[in-house]
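# Structural overview
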Amino acid sequence: IETEHGDIPKLLFELAAKAKNASARTGRADFADGLAYTYVLQFRFFETAEQRHALFRGLLDAVEADIVTASQDLEKAAHVAPVHGQFATIRQLWDLMSTPTESEYEIMQQLQERLVKSCLDSWNTVKDILCNDSPEGHILPGSNPSNDVDIKSILSYCFRACHESSLLVQALVRKLSMKTANGQPFLPFSSFEKLGNLTFEELSTLRHRGAFSTVSLTFTQVCRATQTPSIIHNGGSAVLESWYQGALACIAEQNSTTRRSAGIPALITGILSASSKELSFDTIMNKLQAMARAPVFDTGKDEVQLSQVHAMNSLKDIFKSATLGKKADSYITNCFQIAADSMKSNIWAISNCGLLLVKALIDCMLGTSESKATAE
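Reference entry: report on the structure contained in this document. (Residues numbered from 1 in each chain as written. Predicted model: local features only at pLDDT ≥ 70, side-chain atom pairs only at ≥ 80, totals over all residues. Heavy atoms only, no water.)

### Re the pattern of salt bridges
Tallying each qualifying case throughout the model produces eight salt bridges. Put simply, R91 and E164 hold a salt bridge, and the shortest N to O gap is 3.5 Å. Note that R91 is positioned in helix α5 (residues 84-96) and E164 in helix α7 (residues 151-174), a separation of 73 residues in sequence. Overall, R91 belongs to the buried group, its relative accessible area being 17%. Residue classification places E164 among the buried residues on the basis of a relative accessible area of 9%. Between D121 and K117 there is a salt bridge; the shortest N-O distance is 2.7 Å. (Salt bridge = Lys/Arg side-chain N within 4 Å of Asp/Glu carboxyl O. Helix = DSSP H or I, 4+ residues; strand = E, 2+ residues; numbered from the N terminus. Buried < 20%, exposed > 50% of the residue type's maximum accessible area, 1.4 Å probe, protein only.)

### Description of helix α14 (residues 307-320)
With 14 residues, α14 ought to run about 20 Å at 1.5 Å a step, and its terminal C-alpha atoms sit 20 Å apart, in line with that. Within α14, twelve of the 14 residues are buried, which leaves the element mostly enclosed by the surrounding structure. Every buried residue of α14 is listed here: S307, Q308, V309, H310, A311, M312, N313, S314, L315, K316, I318 and F319. In this fold, the buried residues of α14 make contact with α11 (236-253), α12 (264-273), α13 (281-293), α15 (332-343) and α16 (348-366). (Expected span 1.5 Å × (residues − 1). Contact = heavy atoms within 4.5 Å.)

### Concerning the side chain of S204
You can see S204 is positioned in helix α8 (residues 189-205). Of note is the side chain of S204, whose polar atom sits 2.9 Å from the backbone oxygen of F200. Of the polar contacts made by the side chain of S204, one reaches the backbone oxygen of E201; its length is 3.1 Å. (Polar contact = N/O pair within 3.5 Å; in protein donor to acceptor, adjacent residues only side chain to side chain.)

### Re the nonpolar core
Residues W94, I271 and F319 are the most contacted members of the largest nonpolar core, which totals 106 residues. The dominant element in this core, judged by the number of residues it contributes, is α7, at eleven residues. Beyond its immediate chain neighbours, meaning those up to four positions away, F319 contacts M285, G325, A328, Y331, I332, C335, L357, A360, L361 and C364. (Core = buried A, V, L, I, M, F, W, Y, C linked by side-chain atoms within 4.5 Å.)

### A look at α12
In terms of burial, α12 is a largely internal element, ten of the ten residues being buried. Of all the positions in α12, only I264, P265, A266, L267, I268, T269, G270, I271, L272 and S273 are classed as buried.

### Focus on the packing of aromatic side chains
Per the counting criterion, the structure on display carries seven aromatic pairs. Relative to W94, the ring of F56 lies with its centre 5.6 Å away and its plane at 40°, an arrangement referred to as tilted. Placement of the pair is F56 in helix α3 (residues 49-72) and W94 in helix α5, with a sequence separation of 38 residues. Residue F56 is classed as buried on the basis of its relative accessible area of 0%. For W94, a relative accessible area of 0% corresponds to the buried category. Measuring from centroid to centroid gives 6.5 Å for F189 and F192, while their planes differ by 35°, and the two rings are tilted. (Phe/Tyr/Trp six-rings, centres within 6.5 Å; stacked < 30°, edge-to-face > 60°.)

### Quick look at the environment of D133
Summarising the element assignment, D133 is placed in the loop between α6 (105-130) and α7. Residue D133 is classed as exposed on the basis of its relative accessible area of 52%. When the C-alpha atoms of D133 and R207 are compared, they prove to be 5.8 Å apart, with 74 residues separating the residues in sequence.

All we've got here are geometric facts, nothing functional implied.
Below, the structure is given as structure tokens:
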């Protein structure tokens, strides 16, 4: 095929242009995936690192410009500058990046710093929507959605931006195994800490249910990464401890406006998944049980700040976890007592969480297969 751009077939450039237009026009996830795969094909056709870096830099320029558009006018961004397609593309290309040579190191470091900043900036543009207690009907002050860009479109933009940027964080953290020419981790500890703090903030403040699953997985991956030798050497244990203290503060201070405590249980299970020696499983379980047992005084008002709710929901998620549930076997009896006492409460939120905890405990003991009914 006659080409105009080095060894890359002209067909690929035309296909990429069409995919980009379709993705921007519709905002559909499958179109964004198609755009990403098209750029991956281009990337694989390049024979030199310079060509790959140029393509990657151009994509990064585009996503940075779209984030600026969103920060200035979220309605316009939802209509003409969706970022999830670019984030999906960049993530796949970053996974393909090989260990840099000594001459490539500085270029790759600059690209990585820009990626970290893009994840932070993207979150700042969407968090006011996604962190509202009713994100489905929330619009920013002073905004007036048009017929073309309704509230649903803005919410979809925010969710997809959060989803894909969180997946990009996972890709960045996966590079911890990559070493520089002098044997140092390719992802600096300062960048790792920024990404971890970002994920903690997202999980502790999100109210959009669809975003929880991806961000929860990202936070779990980040917590486990704190136990890698390079991160431990630079203070990984202290970072994990700060997230644990932050999670306890969320339990004590956040309003219990959602039945499942939003992202608080995922914070606890993510921290436990790190299997840290400093933060033992028993220490955290005993703390949660103490918080769940704290007396609740019925004031006759609509209670919205109940640490017992968050503590019981965190215990519930531990017992539901495939990896943590077995470790919690010795706590089943104590937690049954907590659940039974809670079900007697006159406060609906407390009694409801007690019932949910009972169900999780039964599932943990008997499993969730078809034979469970017979066992019960």
